[in-house]
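Summary of the model geometry
One letter stands for each residue in the lines below.
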Amino acid sequence: MVGEGGGGGLGRKGRHARMKANIDEDGGLERMDPLLQLISLQKASGCWEVDGTLAKVFGRTEEEVVKQTPAQVEKGVWATILALIWLHGFKMDAQVEWQFVAMKAVTWIRNQKVVSLSESVRVGNDLLGCQVKEEDLGL
């Protein structure tokens, strides 16, 4: 039967059950694991957009995230850099679960005209309380 099967790890049924268990009665994402929430917010193109839900994953308000956006950096680029920093800074223990999400984001960023990537990584580290190096992000 589709979705069921043996084997170790989390199969499709296991992941679905875990995600479903973290969705509240109204279908909201409030109690979802922050990693799953971040992954669910990624756009098909590989980027993220700045919004309140993403900011909450980072433990910040949307206003704080927007206010710290470096000059001449598009919001989508900023959100995607923050997501990568957060993954590397707080979720390295689960890298196997998010590595392909990160690769897609890195590919998207490389296709953008990012004026001040190093500055964005520095400001993002400051905002999130991390010390992730630009080269560790794959950028």
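Anything mentioned here points back to the structure above.
A word on the packing of helix H5 (residues 75–90) against helix H7 (residues 117–128)
Two elements in contact, H5 and H7, have axes whose closest approach is 9 Å; the angle formed by their N-to-C orientations is 55°. By the angle between their directions, the pair H5 and H7 is classed as oblique. Viewed along their axes, H5 and H7 form a crossing whose handedness is right-handed. Across from Trp78, Ile81, Leu82, Ile85, Trp86 and Phe90 in H5, the residues of H7 making contact are Leu117, Ser120, Val121, Val123, Gly124, Asn125, Leu127 and Leu128. Partitioned by chemical class, the residues of the contact of H5 with H7 number 11 nonpolar, 3 polar and no charged.

Describing the pattern of salt bridges
A full pass over the atoms with the stated rule returns 2 salt bridges. Here Glu119 ties to Arg122 by a salt bridge, and the two come within 2.8 Å at their closest N and O atoms. Here Glu119 and its partner Arg122 are both found in helix H7, 3 residues apart, which amounts to about one turn of the helix. The shortest N-O distance in the salt bridge between Asp126 and Arg122 comes to 3.1 Å. With Asp126 and Arg122 both in helix H7 and 4 residues apart, this pair spans about one turn of that helix. Owing to a relative accessible area of 43%, Arg122 belongs among the partly exposed residues under this scheme. Among the charged side chains, a network of salt bridges with common partners joins Glu119, Arg122 and Asp126.

Let's talk about unusual backbone geometry
One non-glycine residue with positive phi stands out, namely Gln72, at about 65°. On the secondary structure map, Gln72 appears in the loop between helix H4 (62–67) and H5. Given the relative accessible area of 68%, Gln72 is considered exposed.

Brief notes about the side chain of Thr80
Within the fold, Thr80 resides in helix H5. With a relative accessible area of 0%, Thr80 lands in the buried category. Residues contacting Thr80, with those up to four places away along its chain left out, are Gly46, Cys47, Trp48, Ala105, Trp108 and Ile109.

With respect to the nonpolar core
Core analysis: the largest hydrophobic core is formed by 38 residues, its most contacted members being Leu38, Trp48 and Phe58. Taken together, the elements giving at least two residues each to this core come down to helix H2 (34–41), helix H3 (52–57), H5, helix H6 (95–110) and H7. No other element matches H5, which puts 10 residues into this core.

Some points on H7
Compared with the 16 Å implied by 1.5 Å per residue over 12 residues, the 16 Å span of H7 between its first and last C-alpha is a close match. Of the residues making up H7, those classed as buried are Leu117, Ser120, Val121, Val123, Gly124, Asn125, Leu127 and Leu128. Turning to H7, the residues buried within the fold contact H4, H5 and H6.

Comments concerning the packing of aromatic side chains
Taken as a whole, this structure holds 1 aromatic pair when the rule is applied. With 6.3 Å between their ring centres and 40° between their planes, Trp86 and Phe90 make a pair best called tilted. Placement of both Trp86 and Phe90 in helix H5 is noted, with a separation of 4 residues, approximately one turn of the helix. Overall, Trp86 belongs to the buried group, its relative accessible area being 6%. Overall, the relative accessible area of 42% leaves Phe90 in the partly exposed class.

What counts as what
Residues numbered from 1 in each chain as written. Predicted model: local features only at pLDDT ≥ 70, side-chain atom pairs only at ≥ 80, totals over all residues. Heavy atoms only, no water. Axes fitted to C-alpha atoms, helices over the stretch in contact; angles between N-to-C directions. Helix = DSSP H or I, 4+ residues; strand = E, 2+ residues; numbered from the N terminus. Parallel < 35°, antiparallel > 145°, perpendicular 65-115°, else oblique. Left-handed = near helix turned anticlockwise from the far one by under 90°. Contact = heavy atoms within 4.5 Å. Nonpolar A, V, L, I, M, F, W, Y, C, P; charged D, E, K, R; others polar. Salt bridge = Lys/Arg side-chain N within 4 Å of Asp/Glu carboxyl O. Buried < 20%, exposed > 50% of the residue type's maximum accessible area, 1.4 Å probe, protein only. Core = buried A, V, L, I, M, F, W, Y, C linked by side-chain atoms within 4.5 Å. Expected span 1.5 Å × (residues − 1). Phe/Tyr/Trp six-rings, centres within 6.5 Å; stacked < 30°, edge-to-face > 60°.

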